Amino acid sequence: MTAPATPQPTVTVRVFAQRLSATPRGARLARHLAVGRLHTWGIPHGSDASDAVALIVAELAANAVTHGRVPGRDFELRLSVVGGSVRVEVTDTHSGPPSPPGPRGVARPGSLDEHGRGLVLVAALADRWEVLERKPAPGKTVRAEVGLLPGS
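Position numbers for residues count from 1 along each chain, tracking the sequence in the order it is written. Reporting in this predicted model follows two pLDDT cut-offs: at least 70 for local features of residues, and 80 or more for side-chain atom pairs to be given and counted; totals over whole chains, interfaces and linings ignore these cut-offs and use all residues. With hydrogens and water set aside, each side-chain value is computed from the structure's full complement of heavy atoms.

Engineer: Tell me about the overall build of the protein, and name the residues and values.
Structural biologist: When you go through the protein residue by residue, the secondary structure sums to 3 helices and 5 strands. Helical segments are the DSSP runs of H or I of at least four residues, strand segments are the runs of E of at least two, and each set is numbered from the N terminus. Counting helices and strands in the order they occur from the N terminus, the protein gives β-α-α-β-β-α-β-β. For the protein, the proportion of its 152 residues judged to be buried stands at 37%. Contacts are assigned to residue pairs with any non-hydrogen atoms lying within 4.5 Å of each other. Long-range contacts, defined here as pairs at least 24 residues apart, represent 63% of the contacts in the protein between residues at least 6 apart. For the protein, the accessible area works out to roughly 9200 Å², and carbon and sulfur atoms hold 54% of it. To sort residues, take the accessible area from a 1.4 Å probe on protein chains only and compare it with the maximum for the residue type: under 20% means buried, over 50% means exposed, and anything in between is partly exposed. Reported accessibility uses the Shrake-Rupley method at a 1.4 Å probe radius. Residues are deemed covered only where the shown protein chains occlude them.

See the structure below:
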């Protein structure tokens, strides 16, 4: 005797990946591409999710260009929507320190510090985030996820 088939919900997976030059222009383009792609996926400009992803992409791409840049090597932006969240991944090819500290190691900058607020923003905007070693090495991927609310 076999059990009756249980209907499975349809899962739509959307993925976008783009390599970009490790320059300020590449970082700006990453943010514009992300917002545009989300819009085509039904997450409109100006929504909470779109704005959060735009800021996260801007920060992670700027970090990849500033701290993870290796001359002659690009960085990669990857976006995906699975279930109820948008996943942002920015991968660079820098092989040595410094590496982002990860969610538990981010210290709040002093009020007069000129740098150090970016990952604090990522931590505040993302539902979860992490730093992963790039496979294949060298490099790292910073991954952040933003939950989608109905209608976001």
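Still to come is the rest of the account.
Engineer: An account of the packing of helix α1 (residues 24-40) against helix α2 (residues 48-66) is needed here, citing residue identities and associated values.
Structural biologist: Two elements in contact, α1 and α2, have axes whose closest approach is 9 Å; the angle formed by their N-to-C orientations is 155°. Put simply, α1 runs roughly antiparallel to α2. The crossing of α1 and α2 is right-handed. Mapping the contact onto sequence places Pro24, Ala27, Ala30, Arg31, Ala34, Val35 and Leu38 in α1 and Ser50, Val53, Ala54, Val57, Ala58, Ala61, Ala62 and Val65 in α2. Here the term charged refers only to Asp, Glu, Lys and Arg, the term nonpolar to Ala, Val, Leu, Ile, Met, Phe, Trp, Tyr, Cys and Pro, and the term polar to all other amino acids, Gly among them. Considered class by class, the residues forming the contact of α1 with α2 number 13 nonpolar, 1 polar and 1 charged. Every angle, taken between N-to-C directions, lies between 0 and 180 degrees, and every axis is a line fitted to C-alpha atoms, over only the stretch in contact when it is a helix. With respect to orientation, any angle under 35 degrees is reported as roughly parallel, any angle over 145 as roughly antiparallel, any angle of 65 to 115 as roughly perpendicular, and every other angle as oblique. Crossing handedness is read from the near helix: turned anticlockwise from the far helix by less than a right angle, it gives a left-handed crossing, and turned clockwise, a right-handed one.

Engineer: Please give an account of the pattern of salt bridges that cites residues and values.
Structural biologist: Note that side chains of opposite charge can pair when their charged atoms are close. By definition here, a salt bridge exists when the distance from a side-chain nitrogen of Lys or Arg to a carboxyl oxygen of Asp or Glu is within 4 Å. Within this structure, the stated rule accounts for 6 salt bridges. Between Glu145 and Arg87 there is a salt bridge whose closest N-O contact spans 2.7 Å. Taken together, the residues span a long stretch of sequence, with Glu145 in strand β5 (residues 140-147) and Arg87 in strand β3 (residues 85-92) at a distance of 58 residues. Owing to a relative accessible area of 10%, Glu145 belongs among the buried residues under this scheme. The salt bridge partner of Arg143 is Glu89, with a shortest N-O separation of 2.7 Å. Of this pair, Arg143 sits in strand β5 while Glu89 sits in strand β3, placing them 54 residues apart in sequence. Classification of Glu89 by relative accessible area gives buried; the value is 11%.

Engineer: Tell me about the sheet that holds strand β1 (residues 14-20), and name the residues and values.
Structural biologist: Spatially, β1-β2-β3-β5-β4 is the arrangement adopted by the 5 strands of the open sheet, whose pairing is antiparallel. Among the strands making up the open sheet, the edge pair consists of β1 and β4 (128-133). Ignoring strand direction, the axes of neighbouring strands in this sheet form an average angle of 15°. The criterion for strand pairing is that DSSP finds at least two bridges linking the strands in question. For strand β2 (residues 75-82) and β3, the ladder comprises 7 bridges, and the chain directions are antiparallel.

Engineer: A description of the nonpolar core should follow, citing residues and the corresponding values.
Structural biologist: In this description, a nonpolar core means a group of buried Ala, Val, Leu, Ile, Met, Phe, Trp, Tyr and Cys residues linked to one another through side-chain atoms lying within 4.5 Å. If you look at the biggest cluster of nonpolar residues, it comprises 32 residues, and the most contacted ones within it are Val53, Val57, Leu60, Phe75, Leu77, Leu79 and Val88. For this core, the secondary structure elements donating two or more residues are β1, α1, α2, β2, β3, α3 (118-125) and β5. Apart from the residues within four sequence positions on either side, Leu77 is in contact with Phe16, Ala17, Gln18, Leu20, Ala30, Ala34, Val57, Val88, Glu89 and Val90.

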